[in-house]
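In case you want the letters, here they are:
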Amino acid sequence: MLQFLATSTPFFAVIALGALVSGRTLFGPDSVRVLNTFAFMIATPAMVLRVMSRQPIAELWNTTFFMALAAIGVTIMVLGILIGARLRALPFPNAVSRGQSLVGGNFAFLGIPLMLAFLGERAAAPIAIGLICDTALIVPLSIGLIEAGRGAGSVPVIAGRLIRGTILNPFMLSIAGGLALSVSGVAIPEPVDRFLSFLGNAAAPVGVFALGLAARQWSGGGSKLPGLRIAPLVAGKLVLHPLVTWVVLAVVLKLDPFWVMAGVLYSALPIAANVFVISERFETDSRPIAGAIVLSTALAALTFPFAIWLVSATGP
């Protein structure tokens, strides 16, 4: 618990800062969208490109582990989309954002330092695979589905929007570039690497700052975040996702305890700020998602240690 609290403290501090300085004299009503556009279109792709290019993917790859995480993530996300679209009658793009929140974990901000703390140097392998699963599958697929669900059209037209939205977006293009550099062994020139580092380091704080800014603007308008719309998202991410991952990796596939722990740690993370960034950019009702991100991060201080205990209790 102490490790999680220490790691998550900057997250809450930046949210609080965004809420504290919010005001029309400094940040107008369009400021959240501007900040999110910067994080989505510029800073995050720079960060992803640099991080992916520096991972020795070919040496660290574990196909079974990746396929399991991918199958679990897509299945839970699709389940969330179906529940949102069919049972709650949400617009399809809004349902996609809800589905993404069930599996999109705060990997870059919390996951990497926590996995390094609990797994040591061997964490490099699951970190690389987790990055690919999250940034190369869940995020591009969510964007593609949102794009495909915007407006009507024939099946070929919708399929074309899905493909373009999934492949031709800043996340996927930066991932493709990073993977190409990693596999080829070509290093990014030092001046370019410094530039990407400078730019990419702004991705997380800008997105989280925009989250705090938005929360303050919404509260100033007298609107409240409905708990009934937030609770299922939080429960799905903090309980359903890690529990299903543990069952699949430990009980069904019987993987080595190291990979089971890595998978559960990956799945037990709270909802990522980039879910809010994408939802805000594509206007898929980001308010409950923003509330779910803050609440899931706070509650993860309790659920994350429990997930570690669950894995440790079933280990050798």
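Residues numbered from 1 in each chain as written. Predicted model: local features only at pLDDT ≥ 70, side-chain atom pairs only at ≥ 80, totals over all residues. Heavy atoms only, no water.

K.L.:
Is there a simple way to think about the overall build of the protein chain in this case?
P.N.:
Counting its secondary structure elements, the protein chain contains 15 helices and zero strands. Within the protein chain, contacts between residues at least 6 apart in sequence are counted, and of these 84% link residues at least 24 apart. (Helix = DSSP H or I, 4+ residues; strand = E, 2+ residues; numbered from the N terminus. Contact = heavy atoms within 4.5 Å.)

K.L.:
What exactly am I supposed to notice about the environment of proline 232 here?
P.N.:
Along the chain, the position of proline 232 falls in helix α12 (residues 227–252). Remark: the alpha-carbon pair of proline 232 and glycine 80, spanning 152 residues in sequence, is separated by 9.7 Å.

K.L.:
Would you take a moment to explain the packing of helix α2 (residues 31–53) against helix α14 (residues 273–281) for this structure?
P.N.:
For any two helices packed against each other, one specifies the inter-axial angle together with the distance between the axes. Where α2 meets α14, the axes come as close as 9 Å, and the angle between the chain directions of the two elements is 115°. Two packed elements cross with a definite hand, and for α2 against α14 that hand is left-handed. In contact with Val32, Arg33, Asn36, Thr37, Phe40 and Met41 of α2, α14 contributes Phe276, Val277, Ile278, Glu280 and Arg281. Taken together, the residues of the contact of α2 with α14 sort by class into six nonpolar, two polar and three charged. (Axes fitted to C-alpha atoms, helices over the stretch in contact; angles between N-to-C directions. Left-handed = near helix turned anticlockwise from the far one by under 90°. Nonpolar A, V, L, I, M, F, W, Y, C, P; charged D, E, K, R; others polar.)

K.L.:
So what exactly am I meant to see when it comes to the nonpolar core here?
P.N.:
Soluble globular proteins tend to bury their nonpolar side chains together. Met77, Leu211, Phe276, Ile278 and Ile293 are the most contacted members of the largest nonpolar core, which totals 42 residues. Residue contacts for methionine 77: discarding those within four places in its chain leaves Gly99, Gln100, Val103, Ile138, Leu141, Ser142 and Leu145. (Core = buried A, V, L, I, M, F, W, Y, C linked by side-chain atoms within 4.5 Å. Buried < 20%, exposed > 50% of the residue type's maximum accessible area, 1.4 Å probe, protein only.)

K.L.:
Which parts of the structure should I look at to understand unusual backbone geometry?
P.N.:
Excluding glycine, most residues fall at negative phi; most peptide bonds, likewise, are trans. Despite not being glycine, alanine 89 shows a phi value in the positive range, around 55°. Looking at the element boundaries, alanine 89 is found in the loop between α4 (63–87) and α5 (92–101). Take alanine 89: its relative accessible area is 61%, and that puts it in the exposed class. In this structure, glutamate 283 is a non-glycine residue whose phi angle is positive, near 55°. By the element assignment, glutamate 283 lies in the loop between α14 and α15 (287–314). Assessed through its relative accessible area of 58%, glutamate 283 is described here as exposed.

K.L.:
Hey, could you run me through the layout of surface pockets in this one?
P.N.:
Where empty space is left can be seen by rolling a probe of water-molecule size over the atoms. Roughly 220 Å³ of internal volume is contained in the second largest pocket. Along the wall of the second largest pocket there are 14 residues; nearest its centre are Gly80, Ile83, Leu102, Pro232 and Leu233. Within the residue set of the lining of the second largest pocket, elements represented by two or more residues are α4 and α12. Per element, the largest residue contribution to the lining of the second largest pocket is six residues, and it comes from α12. A breakdown of the residues in the lining of the second largest pocket according to their chemical character gives eight nonpolar, three polar and three charged. (1 Å grid on protein atoms, 1.4 Å probe; cavity = no way out; pocket = protein on both sides within 12 Å on 5 of 7 lines; lining within 4 Å. Points joined across faces, edges and corners; volume = space filled by probe spheres on them.)

K.L.:
Looking at this model, I keep getting lost on the packing of aromatic side chains. Mind explaining?
P.N.:
Two numbers describe a pair of aromatic rings. These are the distance of the centres and the angle of the planes. For the coordinates displayed, the defined rule picks out five aromatic pairs. With centroids separated by 5.3 Å and ring planes inclined at 80°, the aromatic side chains of phenylalanine 258 and tryptophan 259 adopt a geometry described as edge-to-face. Taking the relative accessible area as the measure of exposure, phenylalanine 258 reaches 11% and is therefore buried. Overall, tryptophan 259 belongs to the buried group, its relative accessible area being 15%. Taken together, the ring pairs connect Phe65, Phe258 and Trp259 into an aromatic cluster. It is arginine 281 that lies over the ring of phenylalanine 282; its NZ or CZ is 5.9 Å from the centre. (Phe/Tyr/Trp six-rings, centres within 6.5 Å; stacked < 30°, edge-to-face > 60°. Lys NZ or Arg CZ within 6 Å of the ring centre and 35° of its normal.)

K.L.:
Teacher, can you tell me more about the pattern of salt bridges here?
P.N.:
If you walk through the whole model with that rule in mind, you get three salt bridges. Here arginine 50 makes a salt bridge to aspartate 193, at a shortest N to O gap of 3.0 Å. Taken together, the residues span a long stretch of sequence, with arginine 50 in helix α2 and aspartate 193 in helix α10 (residues 190–200) at a distance of 143 residues. One salt bridge in this structure joins aspartate 285 and arginine 98, with 3.0 Å as the shortest N-O distance. A residue pair is termed long-range when its members are at least 10 positions apart, and aspartate 285 in the loop between α14 and α15 and arginine 98 in helix α5 qualify at 187 residues. Given a relative accessible area of 5%, arginine 98 falls into the buried group. (Salt bridge = Lys/Arg side-chain N within 4 Å of Asp/Glu carboxyl O.)

K.L.:
Please explain helix α7 (residues 124–148) as it appears in this structure.
P.N.:
Along an α-helix, residues three or four apart share an orientation, since each turn contains 3.6 residues. Here α7 is 25 residues long and its end C-alpha atoms lie 35 Å apart, about the 36 Å a rise of 1.5 Å per residue gives. Counting buried positions over the 25 residues of α7 gives 22, a clear majority of the element. (Expected span 1.5 Å × (residues − 1).)

K.L.:
What exactly am I supposed to notice about the environment of leucine 116 here?
P.N.:
Among the secondary structure elements, leucine 116 is positioned in helix α6 (residues 107–119). Residue class for leucine 116 comes out partly exposed when judged on its relative accessible area of 43%. Put simply, leucine 116 and isoleucine 127 are eleven residues apart on the chain and 8.6 Å apart in space, counted from C-alpha to C-alpha. Each residue touching leucine 116, except ones within four places of it in the same chain, is listed here: Ala123 and Ile127.

K.L.:
It is not clear to me how a nonpolar patch on the surface should be interpreted in this structure. Could you clarify?
P.N.:
A cluster of nonpolar side chains, namely Leu243, Val247, Val251, Val252 and Leu253, defines an oily patch on the protein surface of about 390 Å² accessible area. Within the secondary structure, valine 251 sits in helix α12. (Patch = residues over 30% accessible without salt bridge, like charges linked within 9 Å, V, L, I, M, F, W, Y side chains within 5 Å. Areas by Shrake-Rupley, 256 points an atom, 1.4 Å probe, with all protein chains shown as cover.)

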